[in-house]
Amino acid sequence: QVQLDESGGGLAQSGGSLSVSCAASRNIVRIYIMSWYRQAPGKRRDLVGSITAGGRITLSDSVKDRFTISRDIIKNTITLQMNSLKSEDTAVYYCYAKELDGLGRSAESWGQGTQVTVSS
């Protein structure tokens, strides 16, 4: 099972930018999909965006005009770049990975979470 180590986040003002990164313990081009989720206090954990092993990126409607996902296949890292931040982006951000083996069996991993706080 892949290990995920998150970094980044912190505090930003509304309209500012932050990034969070997720370093995987193995080759990310062999990971079926990697995603960012976020969870605000008292709310469910929601999908922010994903990047597949082939590099296809999807983002939720609430962030697609402000956030981007990139990856560094040398460092086995994905990064969520967050621009034009809003107070409603305040949440703990989690990295997620889903691996598939040759038999179609899946294994899921989560990072420890990193706090992003946007002040208005």
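Starting afresh in each chain, residues are numbered from 1 along the sequence in its written order. Two thresholds apply to this predicted model, a pLDDT of at least 70 for residue-level local features and 80 or more for giving and counting side-chain atom pairs, whereas whole-chain, interface and lining totals are computed over all residues. With hydrogens and water set aside, each side-chain value is computed from the structure's full complement of heavy atoms.

## A few points about empty space enclosed by the protein
Note on definitions: the grid is 1 Å and covers protein atoms alone; a cavity is a set of points where a 1.4 Å probe fits but cannot get out; a pocket is an open set with protein on both sides within 12 Å along at least five of seven lines; lining residues have an atom within 4 Å of a point. Grid points are joined across faces, edges and corners, and a volume is the space filled by probe spheres set on the points. All chains considered together, the criterion is met by 1 cavity of 30 Å³ or more. Lining the largest cavity are Ile28, Met34, Ile51, Thr52, Arg71 and Ile78. Nonpolar residues are Ala, Val, Leu, Ile, Met, Phe, Trp, Tyr, Cys and Pro. Charged residues are Asp, Glu, Lys and Arg, and all others, Gly as well, are polar. For the lining of the largest cavity, the per-class residue count stands at 4 nonpolar, 1 polar and 1 charged.

## Observations regarding the pattern of salt bridges
Take a side-chain nitrogen of Lys or Arg and a carboxyl oxygen of Asp or Glu: if they are within 4 Å of each other, that pair is a salt bridge. Overall, the coordinates contain 6 salt bridges when judged by the stated rule. Of the charged contacts in the structure, one is a salt bridge between Arg66 and Asp89, with a shortest N-O distance of 2.7 Å. Within this pair, whereas Arg66 is found in the loop between β6 (57-59) and β7 (67-72), its partner Asp89 is found in the loop between β8 (77-82) and β9 (91-100), the two being separated by 23 residues in sequence. A single burial state applies to Arg66 and to Asp89, both of which are buried. Only DSSP runs of H or I covering at least 4 residues are called helices, and only runs of E covering at least 2 are called strands; the numbering of each starts at the N terminus. Buried residues are those whose accessible area, probed at 1.4 Å on protein chains only, stays under 20% of the maximum for their type, while exposed residues exceed 50% and partly exposed ones sit between those limits.

## A look at the sheet that holds β8
As summarised here, the arrangement of the 4 strands in space is β1-β3-β8-β7, forming an open sheet in which the pairing is antiparallel. Only two strands of the sheet have a single neighbouring strand rather than two, namely β1 (4-8) and β7. Neighbour-to-neighbour, the strand axes of the sheet open up by a mean angle of 20 degrees, direction not taken into account. Pairing geometry for strand β3 (residues 18-24) and β8, over 6 bridges, is antiparallel. Bridge pairing links Ser21 to Thr79 in β8. Strands were regarded as paired on the criterion that DSSP finds at least two bridges between them. Axis lines are fitted through C-alpha atoms, for helices just across the contact stretch, and the angle between N-to-C directions can take any value from 0 to 180 degrees.

## Remarks on the side chain of Ser21
Of note, Ser21 is situated in strand β3. Among the polar contacts made by the side chain of Ser21, one reaches the side chain of Thr79 at a distance of 3.0 Å. Not counting residues up to four positions away in its chain, the partners in contact with Ser21 are Asp5, Glu6, Ser7, Trp36, Thr77, Ile78 and Thr79. For this analysis, a polar contact is any N or O atom pair within 3.5 Å, provided that within protein one partner can donate a hydrogen and the other can accept it, and provided that sequence-adjacent residues contribute only side-chain to side-chain pairs. A contact between two residues is defined here by any heavy atoms of the two lying within 4.5 Å.

## With respect to the environment of Ile28
Position of Ile28 among the secondary structure elements: in the loop between β3 and β4 (33-39). Using a relative accessible area of 3% as the deciding quantity, one classes Ile28 as buried. Note: C-alpha distance between Ile28 and Ile73 (45 residues apart in sequence) is 6.5 Å. With near-sequence residues (within four places) excluded, Ile28 lies in contact with Met34, Ala53, Arg71, Asp72, Ile73, Asn76, Thr77 and Ile78.

## Quick look at the layout of surface pockets
Taken as a whole, the largest pocket spans an internal volume of roughly 210 Å³. As for the largest pocket, its lining consists of 15 residues, of which Arg38, Ala40, Lys43, Asp46 and Glu88 are closest to the centre. Secondary structure elements with two or more residues in the lining of the largest pocket: β4 and β5 (45-52). Per element, the largest residue contribution to the lining of the largest pocket is 3 residues, and it comes from β5. A class-by-class count of the residues in the lining of the largest pocket yields 5 nonpolar, 5 polar and 5 charged.

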